[in-house]
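Summary of structural features
Spelled out from the first residue to the last, the chains are:
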Amino acid sequence: MGLDNCSGKQVLTLRPVSLTTFHREEEMEKQGWGLRKLVLVPCPFQGHINPMLQLGNLLHAIGFSITVAHTRFNFPNPDNHPDFTFLPIQDTLFDRDASSMDVTDVISCLNISCKAPLKNSLTQIMEREKEDHSHKLPCIIYDGSMYFAEAVAHELELPSIMLRTTSAATFLTYYSFPQLLREGYLPLQEAMSLALVPGLYPLRFKDLPIANFKNKNLDILLQQTTRTSDIRSSSAIICNTIDCLEQSSLARLQQQCKVPVFPIGPLHTIVPTASSGLLKDDRSCIEWLDKQTHNSVLYVSLGSIASMNKNELREMAKGLTNSRQPFLWVLRPGSLLPDDFNELIGERGLIVKWAPQKEVLAHKAIGGFWSHCGWNSTLESICAGVPMICQPCFGDQRVNARLLTHVWKVGLAMDSSLVSIEIEKAIRRLMLDVEGHELRRKIINLKEKIELCTQEGASFYNSLSELRKCILSC
Ligand code: UDP
């Protein structure tokens, strides 16, 4: 691990992959390909922005020109990405209080309001570039949740490719919903929650991303998952995963989809990427970690969306303090803290509003990660060799938690009822017991497997090489 300095910002290089085997920009131009423009359309949530910009960096490193078409709501700082062109598109959310809307509403709203502005902007770009015959038409790479981008590409006769920012296992569940609905499994009956989902071993019904949705909300979510998983006119799917983690899910996904599926991950390890955080990193936690002993600190973060109520936060604080392990806890601005929070926390913990997570996980003082199991956090923890306490809250997090606890066996499941005594026990199991040592050994093994698969000539390279050919030919 090393620290690079890019445009005055400290960025983390985990183990940069050598891309020298790929043709550089000049060679592509020599062969008459021109500098192919890729227009990235990220979904404006942290867990989606990060992998899209990481993909942008990777594709830029192998010779593509990158334009990021972004909403005005939640967009990354262009100053951190001097190699990219940023293209703002108007969305109606910017003028509304999106904090009161749930993620499904935000996504529906973006898909309606962004279509016309994106089409206008792309039409203007194409007009400007029409004269220049060395430029091929831009290729649109869009987050699966931003399906309006595929519609725009189709109308403008531009090629498009879908990026999935979840695990392949999660994406597969989307294709099973129509059948589960037809067979009467949905909405989920409480009595079935622990039963295995037919064809999706080892997922139980309660692990499905739609598990806690009923009636109208379920209908809306099913409509949305159908739209986000429909490949329509797109030429390929890029997944932020790797076959040594998800081989069977990827093989099934490839059978399910009629276009090539390229596992190009874990994206955060491939090329150095400046921060695409929507909140400012509090770097004081790194100095604090420097003073802690090896493997002693539990890192606690529920990502950028999930939140806890006052009572749950009180139980978490009590459990953490009673475990007597030092902890670093990310509590985003706006968290509603119980009145006695500071007394509960005591001296062992450090609270920050936002942490440089990848750097935190790579720090030698970190011995465990109590996580909501967002896909990025899952990949980041595995690649840092840090075992996890899995406390999924909603959506794909339950699928990821099941993979962590029952497939890779590198995490402990936390009971969703969140009682301090249970929290204390789970922390001690992870940080102090033999069980925790075993989880750490397994996750380090997994990390090493991923490192092998991302070495020159290994599966990641083949996949990237095929993706590049696919982009150049479409
Ligand atoms: N993250 C971060 N600092 C924090 C908390 C989260 O940089 O204090 C990053 C984390 O490294 C990850 C992303 O935010 O890349 C969260 O994505 P994830 O898929 O884990 O969860 P989501 O926020 O989408 O629920």
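The paragraphs below set out a description of the structure included in this document. Quick caveat: nothing in here was measured; it's all calculated off a predicted structure. (Residues numbered from 1 in each chain as written. Predicted model: local features only at pLDDT ≥ 70, side-chain atom pairs only at ≥ 80, totals over all residues. Heavy atoms only, no water.)

Here we take up the pairing of strand β3 (residues 37–41). For β3, the tally of buried residues reaches five of five residues, placing the bulk of the element in the interior. By the alternation rule, side chains of β3 split into K37, V39 and V41 and L38 and L40, which are all buried. Relative to strand β4 (residues 65–71), β3 is paired through four bridges, and the arrangement is parallel. Directly across from L38, in β4, lies its bridge partner I66. In the classification by handedness, the crossover that spans β3, the intervening helix α2 (residues 46–61) and the parallel β4 is right-handed. Looking at chain direction, β3 and strand β6 (residues 139–143) are connected through four bridges and run parallel. Bridging across to β6, L38 finds its partner in C139. (Buried < 20%, exposed > 50% of the residue type's maximum accessible area, 1.4 Å probe, protein only. Helix = DSSP H or I, 4+ residues; strand = E, 2+ residues; numbered from the N terminus. Pairing = 2+ DSSP bridges. Right-handed = clockwise from strand over helix to strand, strands pointing away.)

Below, the discussion takes up the packing of aromatic side chains. By the definition in use, this model includes 11 aromatic pairs. Ring pairs connect the aromatic residues F171, Y174, Y175 and F177, which therefore count as one cluster. (Phe/Tyr/Trp six-rings, centres within 6.5 Å; stacked < 30°, edge-to-face > 60°.)

This brings us to the environment of K115. Looking at the secondary structure, you find K115 in helix α4 (residues 115–129). The exposure class assigned to K115 is partly exposed, which follows from its relative accessible area of 28%. Non-local contacts of K115, meaning those with residues more than four positions away in its chain, are made with F148, A151, V152 and E155. (Contact = heavy atoms within 4.5 Å.)

With the rule as written, the count across this model stands at 16 salt bridges. As a salt-bridge pair, R314 and D340 come within 3.5 Å of each other at their nearest N and O atoms. Of this pair, R314 sits in helix α10 (residues 310–323) while D340 is found in the loop between β11 (327–330) and α11 (341–345), placing the two residues 26 residues apart along the sequence. Residue classification places D340 among the partly exposed positions, given a relative accessible area of 26%. Between E438 and R441 there is a salt bridge, with the nearest N and O atoms lying 2.7 Å from each other. A residue pair is termed a helical-turn pair when its members lie 3 or 4 positions apart in one helix, as E438 and R441 do in helix α16 (residues 434–453) at three residues. (Salt bridge = Lys/Arg side-chain N within 4 Å of Asp/Glu carboxyl O.)

Let us now look at the layout of surface pockets. Counted as a void, the second largest pocket has a volume near 630 Å³. Every residue lining the second largest pocket is counted, 28 residues in all, and those nearest its centre are K206, D207, P392, R398 and S416. A per-element tally of the lining of the second largest pocket places helix α14 (residues 397–407) first, with five residues. Here the residues of the lining of the second largest pocket are counted per class, giving 10 nonpolar, nine polar and nine charged. (1 Å grid on protein atoms, 1.4 Å probe; cavity = no way out; pocket = protein on both sides within 12 Å on 5 of 7 lines; lining within 4 Å. Points joined across faces, edges and corners; volume = space filled by probe spheres on them. Nonpolar A, V, L, I, M, F, W, Y, C, P; charged D, E, K, R; others polar.)

A few words now on the site of the ligand. Taken together, 18 residues surround the ligand, and among them S304, A355, N376, S377 and E380 come closest. One of the backbone nitrogen or oxygen atoms of W375 is found 3.4 Å away from an oxygen atom of the ligand. Contact between the ligand and N376: an oxygen atom at 2.8 Å from a side-chain N or O atom of the residue. Protein contact buries 92% of the 540 Å² of open area that the ligand shows by itself. Taken together, the elements giving at least two residues each to the shell around the ligand come down to α2, β10 (297–301) and α13 (375–384). The greatest single-element share of the shell around the ligand, amounting to four residues, is contributed by α13. Within the shell around the ligand, the residues separate by chemical class into five nonpolar, 12 polar and one charged. (Near = heavy atom within 4 Å. Polar contact = N/O pair within 3.5 Å; in protein donor to acceptor, adjacent residues only side chain to side chain. Areas by Shrake-Rupley, 256 points an atom, 1.4 Å probe, with all protein chains shown as cover.)

The next thing to look at is the environment of F64. When you line up the elements, F64 lands in the loop between α2 and β4. Judged by its relative accessible area of 1%, F64 falls in the buried class. Through-space distance from the C-alpha of F64 to that of P178 is 38 Å; in sequence the pair is 114 residues apart.

Tallied over the entire structure, the rule returns one cavity of 30 Å³ or more. Approximately 30 Å³ is the volume found for the largest cavity. Lining the largest cavity are P42, C43, P44, I49, H70, T71, F73, N74, F75 and P76. Residue classes in the lining of the largest cavity are distributed as seven nonpolar, three polar and no charged.

Remark on secondary structure: sheet strands pair via backbone hydrogen bonds, oriented parallel or antiparallel. Read across the open sheet, the seven strands follow the order β5-β4-β3-β6-β7-β8-β9; overall the sheet is parallel. Here the strands that pair on one side only, and so sit at the sheet edges, are β5 (85–89) and β9 (261–263). The average undirected angle you get between the axes of adjacent strands in this sheet is 25°. (Axes fitted to C-alpha atoms, helices over the stretch in contact; angles between N-to-C directions.)

With respect to topology, six strands assemble into an open sheet ordered β12-β11-β10-β13-β14-β15, the strand pairing being parallel. With partners counted over all chains shown, the strands left at the sheet margins are β12 (349–352) and β15 (411–413), one partner each. Shown here is a sheet whose adjacent strand axes are inclined to one another by a mean of 20°, direction ignored. Sheet topology note: the strand β13 (residues 366–371)/strand β14 (residues 388–390) ladder contains three bridges and is parallel.

Interpretation note: all reported values are geometric properties and have no functional meaning in isolation.
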